[in-house]
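Chain by chain, the residues:
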Amino acid sequence: MPRIDLHTHSSVSDGTESPAELVSAAVTAELDVVALTDHDSTAGWGEAFEAARGTGLTVLPGIELSTQLDYASVHILGYLVDPADASLVAVTERIRAERLHRAEAMVERISADYALDWEDVLAQTTPGATVGRPHIADALVARGHVPDRSAAFQSILHWRGGYYRPHKAPLPVDGVRVIAEAGGVAVIAHPGGRGPDRLLTDTRVRTLVDAGLFGLEVEHRDNPASTHERWVDLATRFGLVMTGASDYHGSGKPNRLGENLTSPEAYAAILARGSGSAPFAG
Ligand code: AMP
Ligand code: FE
Ligand code: FE
Ligand code: ZN
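What counts and how
Residues numbered from 1 in each chain as written. Chains lettered and ligands numbered in written order. Predicted model: local features only at pLDDT ≥ 70, side-chain atom pairs only at ≥ 80, totals over all residues. Heavy atoms only, no water. Helix = DSSP H or I, 4+ residues; strand = E, 2+ residues; numbered from the N terminus. Rg over C-alpha atoms; globule rule 2.2 N^0.38 Å. Buried < 20%, exposed > 50% of the residue type's maximum accessible area, 1.4 Å probe, protein only. Contact = heavy atoms within 4.5 Å. Areas by Shrake-Rupley, 256 points an atom, 1.4 Å probe, with all protein chains shown as cover. Lys, Arg positive; Asp, Glu negative; His and termini not counted. Charge placed at Lys NZ, Arg CZ, Asp CG, Glu CD. Domains from an automatic or database assignment. Buried area = accessible area lost by both parts, 1.4 Å probe. Near = heavy atom within 4 Å. Polar contact = N/O pair within 3.5 Å; in protein donor to acceptor, adjacent residues only side chain to side chain. Nonpolar A, V, L, I, M, F, W, Y, C, P; charged D, E, K, R; others polar. Donors = N, O, S within 2.8 Å, 3.2 Å for Na, K, Ca; no water. Tetrahedral: all angles 85-135°; square planar, octahedral: opposite > 155°, others 65-115°. Pairing = 2+ DSSP bridges. Arc of directions from axis to C-beta.

Draft legend 1. Broad picture of the overall build of the chain. If you tally the helices and strands in the chain, you get 10 helices and 8 strands. Relative to its length of 282 residues, the chain is compact, with a C-alpha radius of gyration of 18 Å against a globular reference of 19 Å. In terms of overall dimensions, the chain has a C-alpha envelope of 50 × 45 × 40 Å along the principal axes. For the chain, the proportion of its 282 residues judged to be buried stands at 53%. In the chain, the proportion of contacts linking residues at least 24 apart, taken out of those at least 6 apart, comes to 75%. A total of about 11900 Å² of accessible surface is found on the chain, and carbon and sulfur atoms cover 51% of it. For the chain, the distance from the average position of its 24 positive side-chain charges to the average position of its 37 negative side-chain charges is 6 Å.

Draft legend 2. Main features of the domain arrangement of the chain. By domain assignment, the chain separates into domain 1 (4–92 + 168–281) and domain 2 (100–154). When each unit is reduced to the centre of its C-alpha atoms, the spacing between domain 1 and domain 2 is 25 Å. Listed by partner, the interface residues are 11 residues for domain 1 and 7 residues for domain 2. In this assembly, domain 1 packs against domain 2 so that about 650 Å² is buried in total across both faces, 43% of it on carbon and sulfur atoms.

Draft legend 3. Layout of the site of ligand 1. Surveying the vicinity of ligand 1 reveals 14 residues, the closest of which are His 39, Arg 102, Arg 133, Ser 150 and Lys 253. At a separation of 2.7 Å, an oxygen atom of ligand 1 approaches a polar side-chain atom of Lys 253. At the level of secondary structure, the elements contributing two or more residues to the shell around ligand 1 comprise α3 (86–110), α5 (133–142) and α6 (149–154). The residue makeup of the shell around ligand 1, split by class, is 2 nonpolar, 5 polar and 7 charged. Viewed by domain, the shell around ligand 1 spans two of them, domain 1 (4–92 + 168–281) and domain 2 (100–154), each represented by three or more residues.

Draft legend 4. Seen up close, the coordination of the iron ion (ligand 3). Every protein donor of the iron ion (ligand 3) is accounted for by Glu 64 (OE), His 75 (ND1) and His 190 (NE2), and the metal-donor separations fall at 2.1 to 2.2 Å. Here the iron ion (ligand 3) and the iron ion (ligand 2) are spaced 5.3 Å apart. In this pair, Glu 64 sits in strand β3 (residues 58–69) while His 75 sits in strand β4 (residues 72–79), placing the two residues 11 residues apart along the sequence. By the burial criterion, Glu 64 is buried, and His 75 matches it.

Draft legend 5. How the structure looks around the coordination of the zinc ion (ligand 4). Protein ligation of the zinc ion (ligand 4) involves His 7 (NE2), His 9 (NE2), Glu 64 (OE) and Asp 247 (OD), the donor distances falling in the range 2.0 to 2.3 Å. The coordination sphere of the zinc ion (ligand 4) comprises 4 donor atoms, whose angles at the metal cover 76 to 164 degrees; the geometry is irregular. Each donor residue of the zinc ion (ligand 4) lies on one chain, and together they are spaced H-x1-H-x54-E-x182-D. Taken as a pair, the zinc ion (ligand 4) and the iron ion (ligand 2) lie 4.3 Å from each other. With a gap of 240 residues between them, His 7 in the loop between β1 (4–5) and α1 (19–28) and Asp 247 in the loop between β7 (241–244) and α10 (264–273) connect regions that are remote in the sequence. Like His 7, the residue Asp 247 is buried in the burial classification.

Draft legend 6. Region of interest: unusual backbone geometry. With a phi close to 55 degrees, Glu 30 is a non-glycine residue in the positive phi region. Tracing the backbone through its elements, the reader meets Glu 30 in the loop between α1 and β2 (33–36). Unusually for a residue other than glycine, Tyr 71 sits at a positive phi of about 70 degrees. Considering the arrangement of structural elements, one finds Tyr 71 in the loop between β3 and β4.

Draft legend 7. Inspection of the pairing of β3 at higher detail. Within β3, 11 of the 12 residues are buried, leaving the element largely enclosed by the surrounding structure. Here β3 runs beside strand β8 (residues 280–281); their pairing, made up of 2 bridges, is antiparallel. Note that in β8 the partner of Thr 58 across the bridge is Ala 281. The pairing of β3 with β4 spans 8 bridges and is classified as antiparallel. Note on β4: the bridge partner recorded for Leu 69 is Ala 72. Here β3 hands over to β4 after 2 residues, with Asp 70 in that stretch at a positive phi of 50 degrees.

Draft legend 8. Quick look at α1. All buried positions along α1 are accounted for by Pro 19, Leu 22, Val 23, Ala 25 and Ala 26. In an axial view of α1, the angular spread of the buried residues amounts to 160 degrees, which keeps them on one side of the axis. For α1, the elements touching its buried residues are β2, α2 (45–52) and β3. Immediately beyond the C-terminal end of α1, within one or two residues, lies Glu 30, with a positive phi of roughly 55 degrees.

Draft legend 9. A look at the side chain of Asp 85. As for its position among the elements, Asp 85 is in the loop between β4 and α3. Not counting residues within four places of it along the chain, the set of residues in contact with Asp 85 comprises Glu 181 and Ala 182.

Structure, rendered in structure tokens:
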């Protein structure tokens, strides 16, 4: 049975390993296919492809697009997009700029109560990376305010922690459309991981399907067990492909490579649908 993990992050966004290190971790984890899905960036693809050469690992190029609905963030995975597509480039550049702006605003708020400045965050961020709370978390760890990323997320960086700021992002329907128009395959990431379950109502999912939605990430540690049946039911009724993945972020999160997998049938359907780029068979 091939081991296919379709959601991971490198230091091009908020993972702790470079794309090459991530590929080597995927080889060690005996994966057959790994998708690199950095937040709002495709900048890690080339390095991942190079690192996979000769290893037998296939790298599926992807992205995890940040979108927003009712003040909740909804993440849309986009596999096999054309990384040079003008709309995709414009949208991701805008989101990255909004994320930067929002991170600066959060640091400003935090610095009223904790010794922390923007330089601390920059020191934890690879140049050009998509900036997120994980980089602020690493800066808080470096300053000794919290023991690790997870502790930072549970306290200072929690959305109810008093310092949280949202960042502007497109609507999910626009995110799905941009991915589909860039030749990509759109899959809602961890549908049960954020916000109330009623966020993704039947009506809303119908709208997303009409915009080109192809799948749902049903197997993911952030989907509460109590919602599993709902995702399977939704996927079945709307003809959506069901995927599973780890959402590996290196050492910054407990998620382990291969902890959830995608079936070969679902993977084949994604390959058949995507036309904006191609997987790299190393
Ligand atoms: P942001 O998108 O900036 O609001 O930050 C949320 C991101 O932090 C998500 O992509 C999470 O996957 C990521 N993250 C990384 N490490 C952790 C952690 N230890 N706990 C919670 N979220 C984390
Ligand atoms: Fe992340
Ligand atoms: Fe996500
Ligand atoms: Zn992710």
